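Architecture and fold: a report
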Amino acid sequence: MPANAAPQREPPAAPRKFRQDIRIVRQDASNAPGRASRAMPVHGSQGASREPYRSYKPRPFTREERDRVTVLFGGLHWRAERVIQGVFENLGHRARILPAATREDLLAGREVADIGQCCPTSFTTGNLVNFLRTEAQRIGADAVARQYVHVTAGSCGSCRFGQYHQSYELALRNIGQQAFRLFLLGQGGLDQGPAGGGGLEIKMPFTLGAVWAVVLTDIVQDMEYQTRPYEKIPGETGRVSRECIEHLYEVFRRRPMRGRKWGAALWHFGTGYFVRAMREVRARFDRIEVERLRVKPLVKITGEFYLQTVEGAPNHDIHCWLESEGAEVYPAPIAVWLDYLLRLAAQDFQDHIGIARHARLKYAAVRSMQALLHWTYDRMRHALAGVPRAMPDQYELRRLAAPYFHSRLDGGEGDMLIGKALWVHLGRTAHMTCELSPYGCMPNTMSVGAMGAVLGRYPELLYAPIEIKGDAEVHALSRCQMILTEAKKRARREYEEVLARTGLSEAALRAAVDARAELRRATFRVPHRGVAGTAANLALHVAQGGGSC
């Protein structure tokens, strides 16, 4: 071949027929429990039938099975889970909370489902898988499929939350539990009717019970986190909190039935049944003595719903770790997420006013529901002397976030993460924000990116974004610790400035607090006086001659 001749290329290979290598698995979950799936090649064998992919469809869960089938659920903090268990039992169900997620669950989720999924999906999938494996060893796979069903929430959109059911389906297939029944409930429906055979009815009594359970346990959680850093007897707050949750569990398990739809709604909004229960919670917390002059930075937790809600391995036990590092934690209430979902619905109706029929009426109805949610939340926290914090106004969060994040980008937590970071900073309700995001989460990645512009405008805002993979604990906590160190300095400086401004010495302030028994009770509400720290606010209250709150 001449030196200047172009090299001869090999002729292109014939395109590979990938479909010849693909097997379609016929999965019929309506078969008897434990029946093996059949794999059929698409090409290459005589008489092979062709069948399209069929999505997972569980066998019906009938009303007749309620007495012998246990409903599995989880994914929230332990307080909400326990009280929601009481809601299930109140309606005649047998219910069981899945164990707290562990590192072993993360590894199991990666083993049996998509390795590229975000860590909340791996934790929740692996959590269910390990439970089913353990039970199958104890009673057998067929008995597991007969005796348990799993109920979880679902959605759609850019977040992987809309794909959880596919991870569960893949995991069930990979552990040989195709006959196990999984029911996915839409997170936006109040009255969804019977699910998959009528054994589980998502109607107003259940939905209202679950919402009230969330509201009450959010308030107890906030009370617990405001009390524990300052308790004089270590461990007392945790013990009292567990007692209170068991009390609320019994309250919801014995909840009276007042109608099936609107009668139930009217009763829940109007009754004093839950207020009396929260007054009992207050009486138990009232016995805890605290020392609020311990100077601690206040850390607001935000982020992806699952990671900011659970307490344990999925988020490196960040709540406990922060407290062990000398911080006071401002937890993320689940009710704020419910309020956010209502705001998204209101925005959608608002955008269609003048276009869609009855859009204005629907918009007004959703805003009324938001007002009722806030009214109920405030009513319950006032039963605890107003110590638990109020929910933020969703429309104020939207206003604060608007220059940096469009309110119609509603994947994940949308603009709420930006809004909350600015809300606590500008309102001086926390010294720093710790945002918990799953590694590779697209919606939260957008929020973290937008925070770059926020920090450019407010460089003094202390913000610790943590990407959580589930297995890089030292790296994640060290990032948070760097910001926490500055927050500690800021809390101490704030406290000393208050003392200098009021002319109080630390000894005189401590003597004034010791002289008034109500200031040492956990149920005393320290007024917010323009500073973030609890000790600084208490010092201002005493210096200004504040009375009982």
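Before reading further, recall that the structure is shown in the block above.
Worth saying up front: this structure is predicted, and the values here are computed from it rather than measured.

1. Let's talk about the pairing of strand β3 (residues 70–73)
Burial of the side chains of β3 extends over both faces: Thr70 and Leu72 are buried on one face and Val71 and Phe73 on the other. In terms of strand pairing, β3 meets strand β4 (residues 94–97) through four bridges, oriented parallel. When the bridges of β4 are listed, Phe73 appears paired with Ile97. As for the winding sense of the linkage, the β-α-β connection from β3 through helix α1 (residues 78–90) to β4 is right-handed.

2. What about the sheet that holds strand β12 (residues 463–468)?
The strand order β10-β9-β11-β12 describes an open sheet built from four strands, whose pairing is parallel. Sheet topology places β10 (328–330) and β12 at the edges, where each strand pairs with a single neighbour. Averaged over all pairs of adjacent strands, the angle between their axes in this sheet comes to 25 degrees, without regard to strand direction. Packed onto the sheet, helix α15 (residues 416–426) meets β9 (298–303), β10 and β11 (432–438) and runs at close to 170 degrees relative to β9.

3. Looking at the side chain of Thr227
Mapped onto the elements of the fold, Thr227 is located in helix α6 (residues 204–227). There is a polar contact of 2.7 Å between the side chain of Thr227 and the backbone oxygen of Met223. In contact with Thr227, other than residues within four places in its own chain, are Thr237, Phe285, Ile288, Val290 and Ala522.

4. Thoughts on the packing of α15 against helix α16 (residues 442–457)
The geometry of α15 relative to α16 is characterised by a closest axis approach of 9 Å and an angle of 40 degrees between their N-to-C directions. Taken as axis vectors, α15 and α16 run oblique relative to one another. Here the hand of the crossing between α15 and α16 comes out right-handed. Across from Leu417, Ile418, Ala421 and Leu422 in α15, the residues of α16 making contact are Asn444, Ser447, Ala450, Met451 and Val454. When the residues that make up the contact of α15 with α16 are grouped by side-chain class, the tally is seven nonpolar, two polar and no charged.

5. Some details on the nonpolar core
Leu216, Leu248, Phe252, Phe274, Met278 and Met380 are the most contacted members of the largest nonpolar core, which totals 72 residues. Excluding its chain neighbours within four sequence positions, the residues that come into contact with Phe252 are Val83, Gly86, Val87, Asn90, Gly209, Trp212, Ala213, Leu216 and Phe274. In this structure, Leu322, Leu462, Ala464 and Ala476 belong to the second largest nonpolar core, which totals 27 residues.

6. Description of the pattern of salt bridges
All chains considered together, the criterion is met by 31 salt bridges. Here Glu224 makes a salt bridge to Arg228, at a shortest N to O gap of 2.5 Å. By relative accessible area, Glu224 is classed as buried at 4%. For Glu396, the salt bridge identified is with Arg399, shortest N-O distance 2.7 Å. Of the two residues, Glu396 and Arg399 both sit in helix α14 (residues 394–401), three residues apart, roughly one turn of that helix. Through salt bridges with shared partners, one network takes in Arg79, Glu224, Arg228, Glu311 and Glu323.

7. As for the environment of Arg260
Structurally, Arg260 can be placed in the loop between α7 (236–253) and α8 (262–270). For the pair Arg260 and Phe206, spaced 54 residues apart in sequence, the C-alpha separation works out to 9.6 Å. If near-sequence neighbours (up to four positions away) are discounted, Arg260 is found in contact with Glu201, Lys203, Met204 and Pro205.

8. Details of the packing of aromatic side chains
How two aromatic rings sit relative to each other is given by the distance of their centres and the angle of their planes. By the definition in use, this model includes eleven aromatic pairs. A ring pair is formed by Phe131 and Tyr148, whose centres lie 5.4 Å apart and whose planes are at 85 degrees; its orientation type is edge-to-face. Placement of the pair is Phe131 in helix α3 (residues 119–139) and Tyr148 in strand β5 (residues 148–154), with a sequence separation of 17 residues. Ring plane angle 80 degrees and centroid distance 5.2 Å describe the contact between Tyr273 and Phe274, whose orientation is recorded as edge-to-face. Each member of the pair, Tyr273 as well as Phe274, carries the same accessibility label: buried. Among the aromatic residues, those joined into a cluster by ring pairs are Phe252, Trp267, Tyr273 and Phe274. The positively charged end of Arg82 is found above the aromatic ring belonging to Tyr249, 3.6 Å away from the centroid.

9. Re a nonpolar patch on the surface
On the surface, Leu409, Met442 and Met446 cluster together into a nonpolar patch covering about 270 Å² of accessible area. Looking at the secondary structure, you find Leu409 in the loop between α14 and α15. Given the relative accessible area of 42%, Leu409 is considered partly exposed.

About the thresholds
- Residues numbered from 1 in each chain as written.
- Predicted model: local features only at pLDDT ≥ 70, side-chain atom pairs only at ≥ 80, totals over all residues.
- Heavy atoms only, no water.
- Buried < 20%, exposed > 50% of the residue type's maximum accessible area, 1.4 Å probe, protein only.
- Helix = DSSP H or I, 4+ residues; strand = E, 2+ residues; numbered from the N terminus.
- Pairing = 2+ DSSP bridges.
- Right-handed = clockwise from strand over helix to strand, strands pointing away.
- Axes fitted to C-alpha atoms, helices over the stretch in contact; angles between N-to-C directions.
- Contact = heavy atoms within 4.5 Å.
- Polar contact = N/O pair within 3.5 Å; in protein donor to acceptor, adjacent residues only side chain to side chain.
- Parallel < 35°, antiparallel > 145°, perpendicular 65-115°, else oblique.
- Left-handed = near helix turned anticlockwise from the far one by under 90°.
- Nonpolar A, V, L, I, M, F, W, Y, C, P; charged D, E, K, R; others polar.
- Core = buried A, V, L, I, M, F, W, Y, C linked by side-chain atoms within 4.5 Å.
- Salt bridge = Lys/Arg side-chain N within 4 Å of Asp/Glu carboxyl O.
- Phe/Tyr/Trp six-rings, centres within 6.5 Å; stacked < 30°, edge-to-face > 60°.
- Lys NZ or Arg CZ within 6 Å of the ring centre and 35° of its normal.
- Patch = residues over 30% accessible without salt bridge, like charges linked within 9 Å, V, L, I, M, F, W, Y side chains within 5 Å.
- Areas by Shrake-Rupley, 256 points an atom, 1.4 Å probe, with all protein chains shown as cover.

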